[in-house]
Amino acid sequence: PHYTALNDWVKAHELAKSQLEFIETRPFQISEAPRTHTSALNAYIICCTNTKREDELELLFPKVIQAMRDPVYTENKHNQTGLLFCWNSMIFYYERAGLFNKAVEFHEQSTDFLNQLFVTLENSLKFSCYYSFAVINFGTGNFKRALSWLNKILNDESSYGREDIQMSARIFILVIYLEM
């Protein structure tokens, strides 16, 4: 059943948790198919966010960081992208909960992985990450750092065809200047 499609987050949470636990009890499967693990991990993160299970989410934070340091997850683009979705879901949770300092901490612990990923990552995903970096820095009151991330979007020639990204960044810059 697709409990998320039915908006039944409690049942979706139970299913995602059991799937992740099942996968994690079989480490040989993780090394053979790490993308399956990151898919289950991401589903669990999303379900925990939507059921407001902060205590369980905090246990997932180290799992995501550990995976970012494990070559099994970082050796190819497909696995890296799955891990990026986990990273993004954690950032989304911290943004949504207003835990911007935790989001910055999580981002700082992810820097090596993200720098490695940005070499091959398609630009729209990279700009989405930059925008998230701007949001979490804005949330902590670090306006200069938020502006620097937005300027990375605006100064990258490959973003010129993406008016949605350009406009969002420009509007956000105006908001930052109002706050300064």
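That block above? That's the structure.
Residues numbered from 1 in each chain as written. Predicted model: local features only at pLDDT ≥ 70, side-chain atom pairs only at ≥ 80, totals over all residues. Heavy atoms only, no water.

1. Observations concerning the overall build of the chain
- Of the regular secondary structure elements, the chain holds eleven helices and zero strands.
- The C-alpha radius of gyration computed for the chain amounts to 17 Å, which stays within 12% of the reference 16 Å derived for 180 residues, consistent with globular compactness.
- Its C-alpha atoms give the chain principal-axis dimensions of roughly 50 × 35 × 30 Å.
- In the chain, buried positions account for 42% of the 180 residues.
- By sequence separation, contacts in the chain at least 24 residues apart represent 60% of the contacts at least 6 residues apart.
- A total accessible area of about 9800 Å² is found for the chain, and carbon and sulfur atoms account for 53% of it.
- Between the mean site of the 17 positive side-chain charges and the mean site of the 21 negative ones, the chain shows a separation of 2 Å. (Helix = DSSP H or I, 4+ residues; strand = E, 2+ residues; numbered from the N terminus. Rg over C-alpha atoms; globule rule 2.2 N^0.38 Å. Buried < 20%, exposed > 50% of the residue type's maximum accessible area, 1.4 Å probe, protein only. Contact = heavy atoms within 4.5 Å. Areas by Shrake-Rupley, 256 points an atom, 1.4 Å probe, with all protein chains shown as cover. Lys, Arg positive; Asp, Glu negative; His and termini not counted. Charge placed at Lys NZ, Arg CZ, Asp CG, Glu CD.)

2. Some words on the layout of surface pockets
- Of the pockets and cavities examined, the largest pocket occupies roughly 170 Å³.
- Every residue lining the largest pocket is counted, 13 residues in all, and those nearest its centre are Thr 4, Ala 12, Ala 16, Ala 43 and Cys 47.
- Secondary structure elements with two or more residues in the lining of the largest pocket: α1 (9-24) and α3 (34-50).
- With five residues, α1 is the largest single contributor of residues to the lining of the largest pocket.
- Each residue belonging to the lining of the largest pocket can be placed in one class, and the counts come to nine nonpolar, four polar and no charged. (1 Å grid on protein atoms, 1.4 Å probe; cavity = no way out; pocket = protein on both sides within 12 Å on 5 of 7 lines; lining within 4 Å. Points joined across faces, edges and corners; volume = space filled by probe spheres on them. Nonpolar A, V, L, I, M, F, W, Y, C, P; charged D, E, K, R; others polar.)

Take it as geometry only, folks, not as evidence of what the structure does.
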